[in-house]
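Structural overview
Next come the chains, spelled out residue by residue.
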Amino acid sequence: MNKEKPQLNFWQIWNLCFGFIGIQFGFALQNANVSRIFQILGASIDNIPILWVAAPITGLLVQPIIGYWSDKTWNRFGRRRPFLLIGAVLASLALFVLPNSSALWIAAGMLWIMDASFNIALGPSLALVGDMLPRAQRASGFAMQSFFIGLSAVVASALPWILSHWFGLSNTAPEGVVPPSVKYAFYLGGFILLTTVCWTAFKTKEYSPDEMNIFHKQNLSSYEAYDDSAPHFFRAGTFFLLIGILGSSLIAAFQLSEQLYILAIAVAAFGIAQLTAGVMRKQGKINNGFYHVTQDLLNMPETMKQLAVVQFLSWFALFSLWIYGTAAVTSFHFGTTDTSSAAYNQGADWVGVLFATYNGCAAIAAVFIPIMIRLTNRKITHMINLCLGGISLIAFAFIKDPVWLLAPMLTLGFAWASILSLPYAMLSNAVPSHKMGIYAGIFNFFIVIPQILAASILAMVVHHLFNQHTIYALVSAGVFMFFAAAATLFVNEHTLD
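Residues numbered from 1 in each chain as written. Predicted model: local features only at pLDDT ≥ 70, side-chain atom pairs only at ≥ 80, totals over all residues. Heavy atoms only, no water.

What follows is about a nonpolar patch on the surface. Side chains of Ile86, Val89, Leu90, Leu93 and Leu194 sit close together on the surface and give an oily, nonpolar patch of about 410 Å² of accessible area. If you trace the backbone, Leu194 turns up in helix H8 (residues 180–203). Relative accessible area serves as the criterion here: at 31%, Leu194 is assigned to the partly exposed category. (Patch = residues over 30% accessible without salt bridge, like charges linked within 9 Å, V, L, I, M, F, W, Y side chains within 5 Å. Areas by Shrake-Rupley, 256 points an atom, 1.4 Å probe, with all protein chains shown as cover. Salt bridge = Lys/Arg side-chain N within 4 Å of Asp/Glu carboxyl O. Helix = DSSP H or I, 4+ residues; strand = E, 2+ residues; numbered from the N terminus. Buried < 20%, exposed > 50% of the residue type's maximum accessible area, 1.4 Å probe, protein only.)

This is the structure we're talking about:
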């Protein structure tokens, strides 16, 4: 019989989740300001999505491998904590460098490095919460995580505006130069990220492999024997490779947008990965991270597959907001596309305030979500919050006064808090405990894949279907939130540990 993990007190959970302040501070600065930096350095609206694509592709590769390594790691620094520290140091350095980029390609490269570093810290941080908390406390633990994320993102999203209006730093600069208010926001973000992640790493004592073995009666130093009947690597690999080749051929034949090649190449690469895993299986070379990630991806638990659909739809909506939020508000509500104008920079600063508002509401929502769960359940709570998010995003097209955009940000905060907590709470009870890291990394696929898809097709949709009216990208994001809410109803929760 498995021994249940001891419950942690409030301050132990506080220390466990405190590092999310810094990680989200970096993410919030990135989400609210990187498109602005790209535009300042000369990127056109059509090119912004493609400039974002290197970052999610990196996350697609980094998180599952880091998750696999963290599952297998144990040394005097711990299991997850070494990865938290490495990711924090690298991400902090990237935050110092990115706003000083002298060219667009340098900024895109630094975004790539920064996002990879965030992912090195993020996956093990999520797995650490699952490692340390018993089942009864996981929803509360992830809710506290959402509280810290929301709290930090409030400050991070509004920081350029705060530095400009409260401390007198200029929010404008010569053409091609990032304003001082943005630069110093990134500097502060790097310092906060490093200090908060170090706090969690040094204040949290991880369970040893022997203790985890007692809790779960599973040997953490090795993986389970694999079922020879599944998966069918060669059949699935051939299918996806052919789809990718066919898609590339059609794009070339009909002279479609070159950005669609990203999607076709990604599908083909997935097929090649499965074929490679099939060859490795035949040769008996299965004791490596690549094989385990590929196999575990195809053998995901049923609940995880259902949650993957919810994640895909909700994060596609979020990326639409993050990619086009600045362009939509500055053009639709402030009436300008001139990145050197005062109106544009006022609008871009206001987007930071809006992002801060929904993140602040997320911190408040994190307190109410456990109450909503007790009154209903996790599925219904998540569905309600996603519907609130859908209403919020669609409202952008019906509100003319930018000040009133604060209202839908309040309800969007509930969706954001829910997305950050409830899928992970459900996932942590549905996957084997000794594979928490690798499955947390694989789960990240369904955050990254919609970002790649958004980068591949959103520019084409905005250009051809919306006639460069980026406000409609936010409306379509709201529709995807409603689709995610509907998909939540089909999630069947199962507990494995």
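Next up on the list: the packing of aromatic side chains. The final tally for this structure, using the stated rule, is 26 aromatic pairs. Ring centres of Trp315 and Trp416 lie 5.8 Å apart, and the angle between their planes is 75°; on these two criteria the pair is classed as edge-to-face. With Trp315 in helix H13 (residues 302–333) and Trp416 in helix H16 (residues 406–428), this pair connects stretches of sequence that are 101 residues apart. With respect to class, Trp315 is no different from Trp416; both count as buried. Judged by centre distance (6.2 Å) and plane angle (85°), the rings of Tyr358 and Trp416 are edge-to-face. Linking Tyr358 in helix H14 (residues 342–375) with Trp416 in helix H16, this pair joins segments that are 58 residues apart in sequence. On the basis of relative accessible area, Tyr358 is assigned to the buried category, the value being 3%. In this structure Trp416 comes out as buried when scored by relative accessible area, which is 3%. Taken together through their ring pairs, the aromatic side chains of Phe10, Trp11, Trp14, Phe18, Phe147, Phe148 and Trp199 make up a single cluster. Residue placement shows Lys203 over the ring face of Trp199; its charged tip is 5.0 Å from the ring centre. (Phe/Tyr/Trp six-rings, centres within 6.5 Å; stacked < 30°, edge-to-face > 60°. Lys NZ or Arg CZ within 6 Å of the ring centre and 35° of its normal.)

Moving on, we come to the nonpolar core. Counting residues in hydrophobic clusters, the biggest one holds 135 residues, and the most contacted among them are Phe38, Trp322, Trp416 and Ile442. No other element matches H13, which puts 16 residues into this core. In contact with Trp322, not counting residues within four places along its chain, are Asn31, Ser35, Trp315, Phe355, Tyr358 and Trp416. By size, the runner-up hydrophobic cluster in this structure holds 5 residues, among which are Ile66, Phe83, Ala116 and Ile120. (Core = buried A, V, L, I, M, F, W, Y, C linked by side-chain atoms within 4.5 Å. Contact = heavy atoms within 4.5 Å.)

Following the criterion strictly, the structure yields 6 salt bridges and no others. The partner of Asp71 in a salt bridge is Arg80, and the shortest N-O contact between them spans 2.9 Å. Looking at Asp71, the relative accessible area reads 2%, which means it is buried. On the basis of relative accessible area, Arg80 is assigned to the buried category, the value being 0%. Asp131 is paired through a salt bridge with Arg80; the nearest N and O atoms lie 2.6 Å apart. Of the two residues, Asp131 sits in helix H6 (residues 104–132) while Arg80 sits in the loop between helix H4 (54–72) and helix H5 (81–97), which places them 51 residues apart along the sequence. The network of salt bridges with common partners includes Asp71, Arg79, Arg80 and Asp131.

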